[in-house]
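# Coordinate analysis (summary)
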2 protein chains.
Amino acid sequence: MREAFQDQLDGIFLDLGAMCAQVEVAVREATSALMTGDSRTAEAVISADAGIDAMRERIEESAFSLLSLQQPVAGDLRVIVSALRMVGELERMGDLSVHVAKVARMRVPYVAVPEEVRPTLQAMASTAEDMVRRVKAVIGSRDVEAAAALNRDDDEMDRLRRISFAQLLSDDWTYGVEPAVDVALLGRYYERIADHAVSIANRVVYVVTGEVPVKS
Amino acid sequence: MREAFQDQLDGIFLDLGAMCAQVEVAVREATSALMTGDSRTAEAVISADAGIDAMRERIEESAFSLLSLQQPVAGDLRVIVSALRMVGELERMGDLSVHVAKVARMRVPYVAVPEEVRPTLQAMASTAEDMVRRVKAVIGSRDVEAAAALNRDDDEMDRLRRISFAQLLSDDWTYGVEPAVDVALLGRYYERIADHAVSIANRVVYVVTGEVPVKS
């Protein structure tokens, strides 16, 4: 019984890792569409989201079946509920990538992000993408140290977001309102992707240690 | 056993309703702070969020205890997992109210929202608040019709968001970048509050009927 439970649980974590890999592609491609103004890439991200949603349903079904058939208690129960929450967060990260792709698509053939603020936004996108890649590894390895390191990257994201606001609110900003609004919302989307990555990492820590990590 | 389960489940739904009432206050007060530039109200919303978070923890513990002690299967299991997700969404709605309050606080003693766009943003805030009030009622009554009606309000929110964008991107917009960015982000926060209200309503439909509603 116990062994069957562990096997099924491992299967769920494998699927979560695979789902996170799809999210990683979505974040990367959405950023590529954004920075190049390429509508085909944007469309690909938008239509690939159905695959991420389907993956969510499949993992949820596995988790419910595990809950129903194995009737876990205490710790095991919380692990599966954590997995269900992780799946919800991964789906949201996919949705946020779609939001980025839609901003890109709306401005095609132009690039939504003015040149001056492009390095900052690219840094936010790269930070978010890197966090998604690392949380994917954390889901696979259940490495508590690596999970804790993600908390620190979140500070980098906050710092970049402040820089982007300073840029678009400075007197030197000559691009007008529309790109400023785009940049502010895009920054929000990347920030939320990063938040979810941290949250998933914390859930992995909880799954391994039984303790909810407190941000240092 | 079955009766004990139902009693505990009813208790969880009562708590969810009470938590939603706290979120309703947060949304209303955050909007009040925003529209009046009153820092005390903004601070009150920000500090009250700890109460919403504490409520979340309490409800989660009840749900886990119900899962562990009663070992529900199939439908009952999904109902409790739905409750756990509702609690997560209510917490997020509280966080979003804090975001609104923080924008208000940042601009004190001024009002972050320029007069021209205030009616539109007030309409978004009122729609969000009304949806929170109605989803609170839905949690209490488990009225499937009332839950379905919330889906339609979401369209109103989309419409208002489009109007606000048209306003801040029009040639008549004379307020510059900062208020435009504020309005775009505030609109996003209210839109997300509304999204969560719809999602909770859909979870109630699922709890009652066993079917996930499809948006008409």
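What comes next is a walk through the structure. (Residues numbered from 1 in each chain as written. Chains lettered and ligands numbered in written order. Predicted model: local features only at pLDDT ≥ 70, side-chain atom pairs only at ≥ 80, totals over all residues. Heavy atoms only, no water.)

### Topic: the relation of the copies chain B and chain A
The operation relating the pair of chain copies consists of a rotation about an axis and a translation along that axis. As a reminder of what qualifies: A residue counts toward the fit only if its pLDDT is at least 70 in both copies, and the copies are then superposed by least squares on the C-alpha atoms of those residues. Residue contacts follow a heavy-atom distance rule, with two residues in contact if any of their heavy atoms lie within 4.5 Å.
The operation relating chain B to chain A is a screw motion whose rotation component is 180°, with 0.0 Å of axial translation and a residual RMSD of 0.0 Å. The operation mapping one copy onto its partner corresponds to a two-fold rotation axis. A shared interface surface links the copies, since 100% of the contact residues of chain B are contact residues in chain A too.

### Some words on unusual backbone geometry
Residue and element names in this part refer to chain A. The line we're drawing: Starting at the N terminus, helices and strands are each numbered in turn, a helix being any DSSP run of H or I of at least four residues and a strand any DSSP run of E of at least two.
Note that the residue after Val108, namely Pro109, is joined by a cis bond; omega there is 5°. Within the secondary structure, Pro109 sits in the loop between helix 3 (74-107) and helix 4 (118-141). You will see that Arg142, though not glycine, has its phi angle at about 50°, which is positive. Tracing the backbone through its elements, the reader meets Arg142 in the loop between helix 4 and helix 5 (144-168).

### Concerning the interface of chain B and chain A
Formally: Accessible area that two parts lose when put together, evaluated with a 1.4 Å probe and summed over both, is termed the buried area. Think of a salt bridge as a Lys or Arg side-chain nitrogen and an Asp or Glu carboxyl oxygen that are within 4 Å of each other. Definition of a polar contact: a pair of N or O atoms within 3.5 Å, with one able to donate and the other able to accept a hydrogen when the atoms are protein atoms, and with sequence-neighbouring residues admitted only if both atoms are side-chain atoms.
If you look at the interface, chain B gives 33 residues, while chain A gives 33 residues. Summing the contributions of chain B and of chain A, the shared interface buries around 2,600 Å²; its carbon and sulfur component is 60%. At the surface where chain B touches chain A, the tally comes to four salt bridges. We note a salt bridge from Glu61 of chain B to Arg78 of chain A, for which the minimum N-O separation is 3.0 Å. The interface formed by chain B and chain A includes six residue pairs in polar contact (both at pLDDT 80 or more). Those elements that provide at least two residues to the side of chain B that touches chain A are helix 2 (39-70), helix 3 (74-107), helix 5 (144-169) and helix 6 (177-209) of chain B. Considering every element that reaches the side of chain B that touches chain A, the biggest residue donor is helix 3 of chain B, with ten residues.

### Some remarks on the packing of helix 1 (residues 2-36) of chain B against helix 4 (residues 118-141) of chain B
Helix packing for two helices is described by the angle between their axes and how far apart those axes are. Residue and element names in this part refer to chain B. Cut-off, in case you're wondering: Under this scheme, a helix contributes an axis fitted over its contacting stretch, all axes are lines through C-alpha atoms, and angles between N-to-C directions fall in the 0 to 180 degree range. Should an angle fall under 35 degrees it is taken as roughly parallel, and over 145 as roughly antiparallel, whereas 65 to 115 is taken as roughly perpendicular and any remaining angle as oblique. In this count, Pro and Cys sit with the nonpolar residues alongside Ala, Val, Leu, Ile, Met, Phe, Trp and Tyr, while Asp, Glu, Lys and Arg are called charged and the others, Gly among them, polar.
Running from N to C, helix 1 and helix 4 point in directions that differ by 170°, and their axes come no closer than 8 Å. Viewed along their axes, helix 1 and helix 4 adopt a mutual orientation that is roughly antiparallel. Between helix 1, through Phe13, Leu16, Gly17, Cys20, Ala21, Val23, Glu24, Val27, Arg28, Thr31, Leu34 and Met35, and helix 4, the contact on the second element is made entirely by Arg118, Leu121, Gln122, Ala125, Glu129, Val132, Arg133, Val135, Lys136 and Ile139. Here the residues of the contact of helix 1 with helix 4 are counted per class, giving 13 nonpolar, three polar and six charged.

### So, helix 2 (residues 39-70) of chain A
We count it as follows: Each helix should span, by expectation, one fewer than its residue count multiplied by 1.5 Å.
Counted at 1.5 Å a residue, the expected span for helix 2 of chain A with its 32 residues is 46 Å, and the 47 Å between its end C-alpha atoms agrees. Count one or two residues on from helix 2 of chain A and you reach Gln71 of chain A, which has phi positive near 45°.

### What about the environment of Gly94 of chain A?
Residues and elements named next belong to chain A. Note that Gly94 resides in helix 3. Spatially, the C-alpha atoms of Gly94 and Ile193 are 8.6 Å apart, while their sequence positions differ by 99 residues. Not counting residues within four places of it along the chain, the set of residues in contact with Gly94 comprises Val23, Asp49 and Ile52.

### Thoughts on the packing of aromatic side chains
Residue and element names in this part refer to chain A. We count it as follows: Classification of ring pairs rests on two measures: the distance between centres of Phe, Tyr or Trp rings, Trp counted by its six-membered ring, which must be within 6.5 Å, and the angle between planes, read as stacked under 30 degrees, edge-to-face over 60 and tilted in between. Any residue under 20% of the maximum accessible area for its type is buried, any over 50% is exposed, and the rest in between are partly exposed; the area is computed with a 1.4 Å probe on protein chains only. Charge-over-ring contacts are defined here by two conditions on Lys NZ or Arg CZ: a distance within 6 Å of the ring centre and an angle within 35 degrees of the ring normal.
One pass over the full model with this rule turns up two aromatic pairs over all chains. Between Trp173 and Tyr175 the ring centres are 4.9 Å apart and the planes differ by 65°, which places this aromatic pair in the edge-to-face class. Overall, the relative accessible area of 34% leaves Tyr175 in the partly exposed class. Directly above the ring of Phe13 sits Arg142, whose terminal nitrogen or CZ lies 4.2 Å from the centroid.

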